[in-house]
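Summary of the model geometry
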Amino acid sequence: MVSKRFAKKLMAGSLAAVMLMTSASILPAASDENVVKAAVKGDEASEGLTAVDKLVVTSPDGKIKVQIWNDADGAYYYSTYLNDCVVIQCSPFGLETGDYDYRSGYDLDESSVKVVDGKYDYDLIQGPVNHVKKDYKELDFTLTQGDTRMTMNFRVDNEGVAYRYQFDADSTRDDEAISITNEDSNFILPDSSTLWTIDRSATYEASTYTERTMSQVKSANATYSTPILANTGADADNAWVLL
């Protein structure tokens, strides 16, 4: 249960997909806006969806991109790309509370859309480096459903993508409490992908990683824990993904 004063900044959940470099040659981002970019390669699984033109953001080096989509029911999806190859297909996102399903029925607040530049600049207590200093771009937008407002933040740097929710169940009140019962944050990898996963773990600590194809994952009807390492295969330029 979360009180309203915290709900406005509620980070109900986030997904980070770190996309590593492929073995293929990588072209520098075009500086001339008149240069025609390569067409998207791979299946976006976007049938029945519409790309929202203004809801797109690219990494500072131009190699990683996030595109937002919606459908006729007001549900929203995201897809990600590395060098114009599909890495994560159109995947839905949304929340459920104890009272309502907030995974569809949204309208976009056009005035809320913005892309901002930012910089990570902080020390690490432990890790491969002592200090992190790198640029990112962030797409912010708000989806509305009556008095409910859900603000999404999609952040992209030169190594990966992350997103979070800021959820306000009733923007007319300051005293309500909400209970998030389900976070419907999805990631759908191309069918050509190979995954290395661990079985379900309450602690997310690594045990034995098992190699599985996407067809094996889909047919297993099982639950796997993160972290998950994946290679998207030849259909998606052999990108490496850490989830």
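Every value quoted in this text rests on a predicted model; they were computed, and no experiment measured them.

**Let's talk about the overall build of the chain**
- Along its length, the chain carries two helices and 18 strands.
- The contacts of the chain with a sequence gap of at least 6 include a subset with a gap of at least 24, amounting to 58%.

**Quick word on the packing of aromatic side chains**
- As enumerated under the stated definition, the model contains 13 aromatic pairs in all.
- Ring geometry for Tyr 78 and Phe 154: centres 5.8 Å apart, planes at 45°, overall tilted. Separated by 76 residues along the polypeptide, Tyr 78 in strand S5 (residues 76–82) and Phe 154 in strand S11 (residues 148–157) bring together distant segments of the chain. Judged on exposure class, the residue Tyr 78 and its partner Phe 154 are both buried.
- Through pairs of rings, three or more aromatic residues link up here, namely Tyr 78, Phe 93, Phe 141, Phe 154, Tyr 163 and Tyr 165.
- Lying across the ring of Tyr 81, Lys 65 places its NZ or CZ 4.7 Å from the centre.
- Between Arg 155 and the ring centre of Tyr 136, over which it is positioned, the NZ or CZ distance is 4.0 Å.

**Digging into the confidence of the model for the chain**
- The share of residues in the chain with pLDDT of 70 or more is 82%, and the mean pLDDT across the chain is 84.
- Low pLDDT, under 50, characterises residues 1–15; the predicted model gives this stretch 47 contacts beyond four residues in sequence or across chains.
- Segment residues 20–36: pLDDT under 50, and 16 contacts once partners within four positions in sequence are set aside and those in other chains are kept.

**Notes on the environment of Ser 185**
- Relative to the elements of secondary structure, Ser 185 occurs in the loop between strand S14 (180–183) and strand S15 (194–199).
- On the basis of relative accessibility, which here comes to 21%, the residue Ser 185 falls in the partly exposed class.
- Linking Ser 185 and Pro 92, residues 93 residues apart in sequence, is a C-alpha distance of 6.6 Å.
- Not counting the four nearest positions on each side in its chain, Ser 185 is found in contact with Pro 92, Tyr 163 and Tyr 165.
- In terms of polar contacts, Ser 185 uses its side chain to reach the side chain of Tyr 163, at 3.5 Å.
- Side chain to side chain, Ser 185 and Glu 183 meet in a polar contact 2.6 Å long.

**Quick look at the sheet that holds strand S8 (residues 101–102)**
- As summarised here, the arrangement of the three strands in space is S8-S7-S14, forming an open sheet in which the pairing is antiparallel. Edge positions in the sheet fall to S8 and S14, since each of these pairs with one other strand and no more.
- Pairing of strand S7 (residues 95–97) with S8, which is carried by two bridges, proceeds in the antiparallel orientation. Across the sheet, residue Leu 95 finds its bridge partner in S8, namely Tyr 102.

About the thresholds
- Residues numbered from 1 in each chain as written.
- Predicted model: local features only at pLDDT ≥ 70, side-chain atom pairs only at ≥ 80, totals over all residues.
- Heavy atoms only, no water.
- Helix = DSSP H or I, 4+ residues; strand = E, 2+ residues; numbered from the N terminus.
- Contact = heavy atoms within 4.5 Å.
- Phe/Tyr/Trp six-rings, centres within 6.5 Å; stacked < 30°, edge-to-face > 60°.
- Buried < 20%, exposed > 50% of the residue type's maximum accessible area, 1.4 Å probe, protein only.
- Lys NZ or Arg CZ within 6 Å of the ring centre and 35° of its normal.
- pLDDT = per-residue confidence, 0-100.
- Polar contact = N/O pair within 3.5 Å; in protein donor to acceptor, adjacent residues only side chain to side chain.
- Pairing = 2+ DSSP bridges.

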